[in-house]
Amino acid sequence: MSSHDSVQEPAHTPRRSKITPERAQEFYTAVLELLRESGYESLTMEGVASRTRCGKSTLYRQWGSKPELVVAALHSTREKLLSHIDTGTLAGDLLETARVIGARSGSDTPLMHALSHAALQSPELLCALREALIMPELAAIDVMVRRGMERGEIAEDNAAAEFAAAQLLGVMRARPLLEGKFADEAYLTRFVERAVLPALGLDPASTGSC
C-alpha cells in the first residue's frame, strides 16, 4: 500500500458535497475496476484520480482515505441486486437468483478475491464487504425462503431452508478455487436445480414460468 494512502490529508480539512451523484459514481466505478485489476493493496488514491481525471485532493476532501472511498464504492453497487426478485414460487425465485448472480460472476468474483485478504487485516473493510456485498444477498434469499414457507411450498421446519443462501452464495465463491472457473449462470442454474431445490424438497419444474 502506498504511503500516500496510509497518511490522510489534514484532519481539519472540511468535507465538501459539490460532487454530483453521477460524478461520484464515476469514482466508484474506477475504484471497483482498479480493485479487480490489481487488488486492494495496489489501489491508490493517485490511481483513482488518474483514471477519473481529477485532482487527488478532491478525493481526500470528499472521502478522507482509501478505505472510506472503497467502503463508499462497495455500498454503491448492490442495494437492489436480488431484492426485486419475486416470481411467485420459491423454485422460480432461486433459479432467477442463480441467473442474476451468475451473470455478474465474472466481475464480482475477482472483486471478492481482491478484497478478501485485505479484509482480514482491516476490520473496517471486512465490515463494509459484509454489509455491501454479502449481507444484502443473504437477506434477499432468506426473504424468498420465508415467502415460500408462507405460501406452503416448504414446511416451517424444513431442515435445509436455513442453508439455501449459504449454498448458493458459497458455491459462487468456491468454484474458482475448486475448478478454476467462475460460477456462471449455467453452472449456478444447474446447482440450484440439482442441489438446492432437491434439498428443499422442491421440483425445478414448479417455477411458475410456463
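Residues numbered from 1 in each chain as written. Predicted model: local features only at pLDDT ≥ 70, side-chain atom pairs only at ≥ 80, totals over all residues. Heavy atoms only, no water.

Peer 1: I tried to follow the overall build of the protein on my own but got confused; where do I start?
Peer 2: Of regular secondary structure, the protein possesses 10 helices and zero strands. Among the 210 residues that make up the protein, the fraction classed as buried is 45%. Carbon and sulfur atoms form 54% of the exposed surface of the protein, whose accessible area is close to 10,700 Å². (Helix = DSSP H or I, 4+ residues; strand = E, 2+ residues; numbered from the N terminus. Buried < 20%, exposed > 50% of the residue type's maximum accessible area, 1.4 Å probe, protein only. Areas by Shrake-Rupley, 256 points an atom, 1.4 Å probe, with all protein chains shown as cover.)

Peer 1: Got a minute to help me understand helix 9 (residues 164–179) in this structure?
Peer 2: Counting along an α-helix, one turn takes 3.6 residues, and residues three or four places apart therefore face a common direction. With 16 residues, helix 9 ought to run about 22 Å at 1.5 Å a step, and its terminal C-alpha atoms sit 22 Å apart, in line with that. Arg173 marks where helix 9 bends most, by close to 35 degrees; the proline Pro176 follows one to four residues later. Buried residues belonging to helix 9 abut helix 6 (90–103), helix 7 (105–121), helix 8 (123–150) and helix 10 (185–200). (Expected span 1.5 Å × (residues − 1). Bend = angle between axes of the 7 residues up to and from the residue. Contact = heavy atoms within 4.5 Å.)

Peer 1: So what exactly am I meant to see when it comes to helix 5 (residues 66–75) here?
Peer 2: Judged by how many residues are buried, helix 5 sits mostly within the fold: eight of 10 residues are covered. Looking at helix 5, one finds that the buried residues are Lys66, Pro67, Leu69, Val70, Val71, Ala72, Ala73 and Leu74.

Peer 1: Is there a simple way to think about the side chain of Arg147 in this case?
Peer 2: Considering the arrangement of structural elements, one finds Arg147 in helix 8. Arg147 gets classed as buried once you look at its relative accessible area, which sits at 18%. At 2.9 Å, the side chain of Arg147 forms a polar contact with the side chain of Asp93. Those residues in contact with Arg147, other than ones at most four positions away along the chain, are Ile85, Asp86 and Asp93. (Polar contact = N/O pair within 3.5 Å; in protein donor to acceptor, adjacent residues only side chain to side chain.)

Peer 1: How should I be thinking about the pattern of salt bridges in this particular structure?
Peer 2: Applying the stated criterion across every chain yields a total of 11 salt bridges. Glu26 is paired through a salt bridge with Arg23; the nearest N and O atoms lie 2.5 Å apart. Here the residue Glu26 and the residue Arg23 both occupy positions in helix 2 (residues 21–38), the gap between them amounting to three residues, near one helical turn. Here Glu26 falls in the partly exposed class, since its relative accessible area comes to 44%. In this structure, the salt-bridge partner of Glu37 is Arg51, at a minimum N-O distance of 2.9 Å. Of this pair, Glu37 sits in helix 2 while Arg51 is found in helix 3 (residues 45–52), placing the two residues 14 residues apart along the sequence. Counted as one network, the salt bridges with shared partners bring together Glu33, Glu37 and Arg51. (Salt bridge = Lys/Arg side-chain N within 4 Å of Asp/Glu carboxyl O.)

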